[in-house]
Amino acid sequence: MLLMVSAACFAQSPMTDSARKAGLAAGGEVSYVLPTRYELGGINVTGDAYDRNLVTAFSGLSIGQRITIPGDEITQALQNLWKQGLFSDIKFTLDKIDGDKVYLGVYLRTRPKLSSYQFKDVSKGTAKKLKEQVRLAGGNIVTEQLIANARYNIREYYIKKGYPNATATVTQKVDSGRANTVKLVFDVKRGSKVKIQSITFTGNKEFDEKKLRHTLKQTKVKNFFNIFKASRFQPDNYDDDKKKLLAYYQVHGFKDARIVSDSVYKVSDSRLAIKINVDEGHKYYFRNITWAGNTKYTSQQLDGVLNIHKGDLYNPGLLESRLTINPTALDVTSLYMDDGYLFFTLNPVETRADQDSIDLEIRISEGPQATVNHVTVTGNTKTHDHVILRELRTRPGQKFSRSDIIRSQRELSQLGYFNPEKMNVIPTPNPKDGTVDIQYIVEEKPNDQIELSGGYGANSLVGVLGLSLNNFSARNFFKPDKWQGYPSGDGQRLSMRIQTNGKYYQLYNMSFTEPWFGGKRPTSLSVSPFYSVQTNGLPSYDPSSYAISIAGLSIGLGRRLKIPDDYFTLTNTLSYQYYTLTNYTLIPNFKTGNANNLYFKHTISHSTVTGLDGNTVYLNNGSTISFTFQWTPPWSLFSNKDYSTLPASKKYNLIEYHKWKFDAVYYLGLDRKKKLVVMAASNFGLIGLYNRQLGLAPFERFYVGGDGLQGYSIDGRELIRLRGYSNSAAVTPSETRIDGTPESAGATIYNRFTFEMRYPITTSQAATIYTLGFLEAGNAFQRFKNYNPFDVKRAAGVGIRVFLPMFGLLGFDWGYGFDNPLPGGKSGWNFHIYIGQQSF
């Protein structure tokens, strides 16, 4: 028989003389009268397989250690092993005593492992969600802590769903198919859903209960009209709402407001009530605000930035935003940090508070101005360093500026090459030499696009196949060893696009853009050749065949301006289009021949838009305003021809016109996180003439209505979206001759107004999805004399946008046109699809 220790008890077999000499009593029991010290000679581990050295380490014992039998060392070792939570049975045995050495045995039985688990009395959908909540995995050792955590997570899931009385009991079942494993069965009883029946306040004098309840954004009373906020009680949300309640008091000058007590109690099995007792304290006002330690700026200058006056309600949140964290950067800290004062600090101190007024002294430590030392970029695996560095506003040798860092982040985000969620900037100050090192951390994201799109335009189905490489490198085109799938990393854009509906229409387009032409300034160069052809599908030798082909080339040069500010860009474009008509009636009395369209386009734009958390698709702040002037040389003014008598083929051999466009889009985030966004837009276009004998050109006109799908652009026409109406014909008028036949289609002037409310479903890197509701109004006119900006076709509807990085934008709108369309058009309910088009 062996000497055994389970917990702190010993039992032993018959003793030898040496055992008796060691202090063990006759009859096989350890003598508690004569405890004896021994040297631990060894430990033998039996039971479930465990490494001896690991068990020795867990126990706290060590070979050669002096221990007392009986004594505390073995008891402590037992407790140490038990704390590991790995074993269900632990026994120590006295195997042998050899002189002054003792040899122990340890029998271990490990806790069972989890083979599987299930939830009883819940649906499959709920069971799936509960598994995500408890996060158990097969092979886990089943401990009391594991079971307790699982039960806690189950209750948390149901509490958030409004079931605070939910319970979960656990049953362990031995798995006969696997040794030392168990199955867990969670018997879940969710109980009845509990709603908040009432929220009452006591101690409130300044504000009534209705206003105070309104401050509790996530804790709402059950009412039939409360459809946007759940009235279930969630402890975490309730704690946050109590902070919002106090913040509301502080905004209104009650800086000492506090919640004296609050209670949440059951009214019935399905209803509870909340009672909050507040102590409002006194209402305070700002009185005297003084500055100390400021030498760079005068107190009057700092007062102007702070913009808080004597007699204003005392609002700590407002004070903090004006001193340090104003999102518009109109705060004192930004004023200093934008001028290099990286080591600047300030501390507002209440110097006097009596009756209802508070005096403040704002103590400033300006410190030295910091100079940017090193600027580094990490994380870019595809984009070359110079592409990133040229967008940065922080340059070595310049004074540190916080606004320059913010603007640099915006510029990097606008490139579209990096994941905005992982973008970071780490300034490392060097106080000894007054410099700062700035590290920009980026993470590449896929931004090339394959366009597989289509739509219905010009009475036929049009398909598009396109490829856009948005981070191309032309200089590495002949260096395959530097390719990453294709020559990339220099920030150039190359796109190729084919649009067709079969043998009737084809368009081939390619464009290349170098955003930093010359490499020293943000001057973009773009080149875009294209060719299109439209026929009736008959062979050219057939007398009934007709065709029109257009070949063109555009060259554009754009640059970022510095005046009035560097949010302005100016783009100048030279374009040429050559029309070849073969028995094709593009214009009455002009069926065969050629036409030339050589024009210049000048666009000045100002853009300050930013997206939600850097997202470049879901925009939530800023505006974009652009003005475009497009013109051809006034060819007719250089000629002595009588254009009133010339045939159309001669009139339009050299096309002439001037075209004016104005577009403005504004984004505003309404809620605290700027997820709910208002988008308002206004668009205007006008085409003018040089020679009244020649008249208005039938080219480059506006076609308003429908989805604006860029289908057959055979005459330079611009398709303007107006939802709720069918394409083009519903809104765009046509001219008629005296005999009643059509003269030319398309409008020479139009306007459109759009208002949208947007809310995101997801703005992750994998996809951006948002919903929208819209109001839209617009109209098109043949002549300026007929123009009336208030004579519009109105529409309203809802839609959804899905942006996938590899495929671009997918859009679906369901709009209702309220006004009567033109003959041949359709208003009322219209469904619109957008594939590969980015609107606003």
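Quick caveat, the model's predicted, so the values are computed rather than measured.

Analysis parameters
Numbering of residues starts from 1 in every chain and runs along the sequence as written. Only residues with pLDDT of at least 70 get local features here, since the model is predicted, and only at 80 or more are side-chain atom pairs given and counted; chain-wide, interface and lining totals rely on the full set of residues. To get the side-chain values, all heavy atoms of the structure are used, and hydrogens and water are removed first. To obtain each axis, a line is fitted to C-alpha atoms, and for helices this fit is confined to the stretch in contact; angles are then taken between N-to-C directions over 0 to 180 degrees. Runs of H or I in DSSP of at least four residues are treated as helices and runs of E of at least two as strands, each being numbered from the N terminus. Roughly parallel covers angles under 35 degrees, roughly antiparallel covers those over 145, roughly perpendicular covers 65 to 115, and oblique covers all other angles. Left-handed describes a crossing in which the near helix is turned anticlockwise from the far one by less than a right angle; the clockwise case is right-handed. Pairs of residues are marked as contacts when any of their non-hydrogen atoms sit within 4.5 Å. Residue polarity follows a fixed list, in which Ala, Val, Leu, Ile, Met, Phe, Trp, Tyr, Cys and Pro are nonpolar, Asp, Glu, Lys and Arg are charged, and the others, Gly among them, are polar. Strand pairing is assigned whenever DSSP detects at least two bridges linking the two strands. With a 1.4 Å probe rolled over the protein chains alone, any residue whose accessible area is under 20% of its type maximum counts as buried; one over 50% counts as exposed, and the rest are partly exposed. Put simply, a nonpolar core is a bunch of buried Ala, Val, Leu, Ile, Met, Phe, Trp, Tyr and Cys residues held in one set by side-chain atoms that sit within 4.5 Å of each other. Basic side-chain nitrogens of Lys or Arg form a salt bridge, by our definition, when they fall within 4 Å of a carboxyl oxygen of Asp or Glu.

Asks: Sorry, what's going on with the packing of helix 4 (residues 124-134) against helix 5 (residues 144-160) here?
Replies: In a pair of packed helices, the angle between the axes and the distance between the axes together describe the arrangement. Where helix 4 contacts helix 5, the two axes come as close as 9 Å, and the packing angle between them is 125°. Taken as axis vectors, helix 4 and helix 5 run oblique relative to one another. Crossing hand, helix 4 versus helix 5: right-handed. Residues Thr 126, Lys 129, Leu 130, Gln 133 and Val 134 of helix 4 form the contact with helix 5, whose own contacting residues are Ala 150, Asn 153, Ile 154, Glu 156, Tyr 157 and Tyr 158. Each residue belonging to the contact of helix 4 with helix 5 can be placed in one class, and the counts come to 6 nonpolar, 3 polar and 2 charged.

Asks: Mind showing me how you'd approach the pairing of strand 10 (residues 167-174) here?
Replies: Regular strands place their side chains on alternate faces of the sheet. Relative to strand 11 (residues 181-189), strand 10 runs antiparallel, the two being bridged by 8 bridges. Across the sheet, Gln 172 pairs through a bridge with Leu 184, a residue of strand 11. The hairpin formed by strand 10 and strand 11 contains 6 residues between the paired strands, and Asn 180 there has a positive phi angle of roughly 50°.

Asks: Teacher, can you tell me more about the side chain of Thr 513 here?
Replies: Tracing the sequence through the fold places Thr 513 in strand 24 (residues 505-514). The exposure class assigned to Thr 513 is buried, which follows from its relative accessible area of 15%. Not counting the four nearest positions on each side in its chain, Thr 513 is found in contact with Gln 492, Arg 493, Leu 525 and Ser 526.

Asks: Just to check I follow, could you spell out the sheet that holds strand 19 (residues 424-430) for this structure?
Replies: Adjacent strands of a sheet form backbone hydrogen bonds with each other and so pair up, either parallel or antiparallel. Judged by pairing direction, the sheet is mixed, and its 3 strands sit side by side in the order 18-20-19 without closing on themselves. Among the strands making up the open sheet, the edge pair consists of strand 18 (371-378) and strand 19. When the angles between neighbouring strand axes are averaged without regard to direction, this sheet yields 20°. Bridge analysis of strand 18 against strand 20 (residues 435-441) gives 6 bridges, and the strand direction is parallel. Along strand 20, the bridge assignment pairs Val 377 with Tyr 440. Its contacts with the sheet place helix 12 (residues 402-415) against strand 19 and strand 20, and it is angled at close to 20° to strand 20.

Asks: Quick question: what am I supposed to make of the pairing of strand 8 (residues 101-110) here?
Replies: Summarising the sheet, strand 5 (residues 36-47) and strand 8 pair through 8 bridges and their orientation is parallel. Across the sheet, Ile 43 pairs through a bridge with Leu 104, a residue of strand 8.

Asks: Teacher, can you tell me more about the nonpolar core here?
Replies: Core analysis: the biggest nonpolar cluster contains 33 residues, and Tyr 579, Leu 586, Tyr 652, Ile 655, Phe 699, Val 704 and Val 731 have the highest contact counts within it. Listed in part, the 22 residues of the second largest apolar core include Leu 40, Val 55, Phe 87 and Phe 92.

Asks: I would appreciate a short explanation of the pattern of salt bridges in the present structure.
Replies: Going through the model one piece at a time under the given rule, you end up with 40 salt bridges. Here Lys 399 and Asp 339 are joined by a salt bridge, their closest N and O atoms 2.7 Å apart. Remark: Asp 339 occurs in the loop between helix 10 (332-337) and strand 16 (345-354) and Lys 399 occurs in the loop between helix 11 (385-389) and helix 12; sequence separation between them is 60 residues. Take Asp 339: its relative accessible area is 14%, and that puts it in the buried class. Here Arg 560 and Glu 411 are joined by a salt bridge, their closest N and O atoms 3.9 Å apart. Residue Arg 560 is located in strand 26 (residues 547-560), and its partner Glu 411 is located in helix 12; the two are separated by 149 residues in the primary sequence.

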